[in-house]
Amino acid sequence: IMKTDDTMPTNAFISIINRKHASYINQKVKEEKLTYGLYPILITIYRNEGIIQEEIAQHFQLNESTVTRNLKKLEDKNLIQRTQHERKKSITLTEKGKQTARKVMDYDEKWDEQLNLTEEEYNDFLKILKKISEELT
């Protein structure tokens, strides 16, 4: 276990958590041929069937070209399909995509269990992260 101290800047803690989470998720989703960058998009589509690309970009604060590339990768893996509706394309999961999303969501739950937080600490942690995210947008 790495030792930390109170003099470390907040971004160091955020960076450590993000790198550890990325490493954990990348290892877990490797057999699904996914990456750390693709899995949250897949889960978002699972939870918001029929979402459009612009909404995904807004949700993750990504530019549309990044989202387009990632959606193409998911489509190439037969995890999503895009359906044209007038000028916008709605995005839905294939059956394989739904199965993969459910499996990947389980990995996230297992990650959260490793944090060794009480339910109250975990809820406070999420509330604080959400507040910080909203303040920065």
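Residues numbered from 1 in each chain as written. Predicted model: local features only at pLDDT ≥ 70, side-chain atom pairs only at ≥ 80, totals over all residues. Heavy atoms only, no water.

Draft legend 1. Local environment of the side chain of threonine 94. Following the sequence through the fold, threonine 94 ends up in the loop between β3 (88-93) and α5 (95-114). Residue classification places threonine 94 among the buried residues on the basis of a relative accessible area of 11%. Look past the residues within four positions of threonine 94 in its chain and what remains in contact with it is Asn78, Leu79, Ile80 and Gln81. (Helix = DSSP H or I, 4+ residues; strand = E, 2+ residues; numbered from the N terminus. Buried < 20%, exposed > 50% of the residue type's maximum accessible area, 1.4 Å probe, protein only. Contact = heavy atoms within 4.5 Å.)

Draft legend 2. Here's a closer look at the packing of aromatic side chains. Applying the stated criterion across every chain, the model contains two aromatic pairs. Taken together, a centroid distance of 5.9 Å and an interplanar angle of 35° make the contact between tyrosine 36 and tyrosine 39 tilted. (Phe/Tyr/Trp six-rings, centres within 6.5 Å; stacked < 30°, edge-to-face > 60°.)

Draft legend 3. Fine view of unusual backbone geometry. Unusually for a residue other than glycine, glutamine 61 sits at a positive phi of about 55°. Mapped onto the secondary structure, glutamine 61 falls in the loop between α3 (53-60) and α4 (64-76). Phi angles above zero are rare outside glycine, and asparagine 116 is one such case at about 55°. Its location among the elements puts asparagine 116 in the loop between α5 and α6 (119-135). The class for asparagine 116 is exposed, based on a relative accessible area of 68%.

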